[in-house]
Structures are given as C-alpha cells and as structure tokens.
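Chains, contacts and geometry: an overview
So the chains spell out like this:
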Amino acid sequence: QVQLVESGGGLVQAGGSLGLSCAASGVTFSSQNMGWFRQAPGNEREIVAAMRWTGSRTYYADSVKGRFTISRDNAKNTAYLQMNNLKPEDTAVYYCATASGNLRIGLSVGEYDYWGQGTQVTVSS
C-alpha cells in the first residue's frame, strides 16, 4: 500500500520560510517522479514544483521560481519543498504526489498516481 505523508506546514508571516517534507512508503521511491501541488479555497489544484526521478530535471511554476526549491533524498524515501520569501498568495493546502518515473515531468494532476493527505500553509500579511 502506497502512502505519502506530508509534514511541515503551518502559519508564517509574509517574508518567512517553511520547509515541507513528504515521506513515501510502499513504492520504489527512487524510480518515482515527484510533484508538489497546492490548492487554495475556490481554486483548482495547481503544480508548484516537480522533479524527475533521476533528480536531474526540475520544474517550477513561474509564481514560485527563485523562492521555492524541490529536493529529494532517496535513501530516506523523502521529498522536500523549501519555501522562502513566502507571500500571502502562497496560502493553500500543499500536496505531494508521485508518478512512475519517466523522462517527462508531469505538470497536471492526472499525471500523478499517488497523493498525500495535504498540509496547510498559511501566510499572514
């Protein structure tokens, strides 16, 4: 049974930082592309960042480029999202997701197979 468990969300002031973690089990983590998505109330779930299973390629949404960093530690079966210079518009529930490894990094919800339960990130102004 595949499980993805996010942690690290919380409340932070604008300009602050948070680090999210996504611990995976039941899946060969090292062969999975990883994605971080977010969903704000009334909005669709959107891609934030993604990383190819090899770690050699990453993608960032324009809204987070230069502020967020995706990484992974295959030895720990864990993916990370470091978020710096947070803005109120970053407020959302953040989800990690996995997809069977391939060269193309998926950017849409439908391209991912397994999802975590989500963790709330709230940025106050």
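Below or above, wherever it landed, is the structure these notes cover. These numbers were taken from a predicted model, which means no experiment stands behind them. (Residues numbered from 1 in each chain as written. Predicted model: local features only at pLDDT ≥ 70, side-chain atom pairs only at ≥ 80, totals over all residues. Heavy atoms only, no water.)

1. Considering the pattern of salt bridges
Heads up, the condition is: The working definition used for a salt bridge is a side-chain nitrogen of Lys or Arg within 4 Å of a carboxyl oxygen of Asp or Glu. Note on exposure labels: buried denotes an accessible area under 20% of the residue type's maximum, exposed denotes more than 50%, and partly exposed covers the range between, all computed with a 1.4 Å probe on protein chains only.
What the rule picks out here adds up to 5 salt bridges. For Arg38, the salt bridge is made with Glu46, and the minimal N-O distance between the two is 2.8 Å. Classification of Arg38 as buried rests on a relative accessible area of 6%. Notably, a salt bridge pairs Asp62 with Lys65, separated by 3.2 Å at the nearest N-O pair. When its relative accessible area of 64% is taken as the criterion, Asp62 is described as exposed. Assessed through its relative accessible area of 51%, Lys65 is described here as exposed. The network of salt bridges with common partners includes Arg38, Glu46, Arg67 and Asp90.

2. What to know about the packing of aromatic side chains
Definition in use: Stacked, edge-to-face and tilted are the three classes for Phe, Tyr and Trp ring pairs, Trp counted by its six-membered ring, which pair at centre distances within 6.5 Å; planes under 30 degrees apart are stacked, over 60 edge-to-face, the rest tilted. Here a strand is any run of E in DSSP of at least two residues, a helix any run of H or I of at least four, and the numbering for each starts at the N terminus. Comment: the charge-over-ring label is applied if NZ (Lys) or CZ (Arg) is within 6 Å of the ring centre and within 35 degrees of the ring normal.
Per the stated rule, a full pass over the model turns up 4 aromatic pairs. Seen from their ring centres, Phe37 and Trp115 are 4.8 Å apart, and the 55 degrees between their planes marks the pair as tilted. Placement of the pair is Phe37 in strand β4 (residues 32-39) and Trp115 in strand β10 (residues 114-115), with a sequence separation of 78 residues. With 6.5 Å between their ring centres and 80 degrees between their planes, Tyr95 and Trp115 make a pair best called edge-to-face. Taken together, the residues span a long stretch of sequence, with Tyr95 in strand β9 (residues 92-100) and Trp115 in strand β10 at a distance of 20 residues. A relative accessible area of 13% means that Tyr95 is categorised as buried. Members of the aromatic cluster, joined through ring pairs, are Phe37, Tyr95, Tyr112 and Trp115. Residue placement shows Arg45 over the ring face of Trp115; its charged tip is 5.0 Å from the ring centre. Between the NZ or CZ atom of Arg72 and the centre of the ring of Phe29, over which it lies, the distance is 4.6 Å.

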